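Survey of secondary and tertiary structure
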Amino acid sequence: MAKVTRDDVARLAGTSTAVVSYVINNGPRPVAPATRERVLAAIKELGYRPDRVAQAMASRRTDLIGMIVPDARQPFFAEMAHAVEQAASERGKMVLVGNSDYVDDREVHYLRAFLGMRVAGLILVSQGPSERAAAEIDAWDARVVLLHERPEAIDDVAVVTDDIGGAQLATRHLLEHGHEYVACLGGVESTPAVGDPVADHVEGWRRAMLESGRSLEGRLFQAPYNRYDAYKVALEILAGPQRPPAIFCSTDDQAIGVLRAARELRIDVPGELAVAGFDDVKEAALTDPPLTTIASDRPAMARAAVDLVLDDGLRVAGSRRERLKQFPSRLVVRRSCGCG
């Protein structure tokens, strides 16, 4: 059987091959609804399948979006990647995901690999400030949107959550339960980078504590972002002589580790220890007790990132603040804080 071509589709639909291309590629020129329906019906009748490799060679761009995350094993990044994949699918694109493992060399490796594949755009969840990553993006003149985190070294359009405001909400809520103070589980960096969400979570905790007249001294602890290492840190904190009455964790994964440590030490949550997290991963509703946390609209953030990276208006003029699309945070109250 002879291979069905774009010419065959055009003849059956009674139109030009250019119009067939506009329908298949959703542009660059508009097509009248009736003509579009004829083309789609012809494609279905003939069983036409576009040659995506040939299209990519002609346009020097594929139907792929590259996405780099620090660690897709962590629930937050896994859920964010899934949301991006769904949003990309709605735009007729597929997503390739690479894990930087919080290592600058791996982030640059995936940047080069994805940009070398001529992806339609790149969504970068960067692990921190990277002059090398910024130089790589500039060298390729790439279409890049930063998601979740905005390293100071990279000045592309960013889609983020109100991390400071969300952390303030969680800390204030714990304080409203009458606790003497709220400890904070921050990240592993003693001097966190500008634009780092965890640094902003710590800043939100700091502001809430200071506005309530509480001291910060000895109440901020460094811990990795994952539950396994956070559990080890929590064991030391909770078994120590100055056990805090409440803990705000910079990530839900950390909070899950804290809950496990408390259970192992037979510390009642929330009776003897109140806990709140940040991210509202799906597992937060299933912990024992269910975890009070801060949520953001991940599907909306993912759609915004995909739309920005694909649309021609990506390179927004203006100041750094004007190139920032920030989504609000909201408090999700469950039993780990003492409510219910």
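Residues numbered from 1 in each chain as written. Predicted model: local features only at pLDDT ≥ 70, side-chain atom pairs only at ≥ 80, totals over all residues. Heavy atoms only, no water.

Under the annotation held in an unreviewed UniProt entry, the protein chain carries the name HTH-type transcriptional regulator and is attributed to Streptomyces xanthochromogenes.

Some details on the packing of aromatic side chains
All chains considered together, the criterion is met by three aromatic pairs. Ring geometry for tyrosine 102 against tyrosine 225: centres 5.8 Å apart, planes inclined by 50°, an arrangement best described as tilted. Within this pair, whereas tyrosine 102 is found in the loop between strand 2 (94-99) and helix 6 (104-116), its partner tyrosine 225 is found in the loop between strand 7 (220-221) and helix 10 (227-239), the two being separated by 123 residues in sequence. Take tyrosine 102: its relative accessible area is 31%, and that puts it in the partly exposed class. Plain terms: the ring middles of tyrosine 110 and phenylalanine 114 are 5.7 Å apart, the flat faces sit at 35° to each other, and that makes the pair tilted. Highlighted residues: tyrosine 110 and phenylalanine 114, both in helix 6, separated by four residues, approximately one helical turn. Like tyrosine 110, the residue phenylalanine 114 is buried in the burial classification. Over the ring of tyrosine 181 we find arginine 219; its NZ or CZ atom is 3.8 Å from the centre of that ring. (Phe/Tyr/Trp six-rings, centres within 6.5 Å; stacked < 30°, edge-to-face > 60°. Helix = DSSP H or I, 4+ residues; strand = E, 2+ residues; numbered from the N terminus. Buried < 20%, exposed > 50% of the residue type's maximum accessible area, 1.4 Å probe, protein only. Lys NZ or Arg CZ within 6 Å of the ring centre and 35° of its normal.)

Observations regarding empty space enclosed by the protein
Per the counting criterion, the structure on display carries one cavity of 30 Å³ or more. Here the largest cavity is characterised by a volume of approximately 40 Å³. Taken together, Phe76, His148, Thr161, Asp163, Phe278, Asp279, Ile294, Ser296 and Arg298 form the lining of the largest cavity. The residue makeup of the lining of the largest cavity, split by class, is three nonpolar, three polar and three charged. (1 Å grid on protein atoms, 1.4 Å probe; cavity = no way out; pocket = protein on both sides within 12 Å on 5 of 7 lines; lining within 4 Å. Points joined across faces, edges and corners; volume = space filled by probe spheres on them. Nonpolar A, V, L, I, M, F, W, Y, C, P; charged D, E, K, R; others polar.)

A few points about the side chain of glutamine 168
The residue glutamine 168 is located in helix 8 (residues 163-176) in this model. Residues in contact with glutamine 168, not counting those within four places in the same chain, are Gly204, Arg207, Ala208 and Glu211. (Contact = heavy atoms within 4.5 Å.)

Describing the pairing of strand 2
In regular strands, side chains alternate between the two faces of the sheet. Here strand 1 (residues 64-69) pairs with strand 2 via six bridges, running parallel. Pairing of glycine 66 across the sheet is with leucine 96, part of strand 2. In this region the chain leaves strand 1, passes through helix 5 (residues 75-90) and returns to the parallel neighbour strand 2; the handedness of that crossover is right-handed. (Pairing = 2+ DSSP bridges. Right-handed = clockwise from strand over helix to strand, strands pointing away.)

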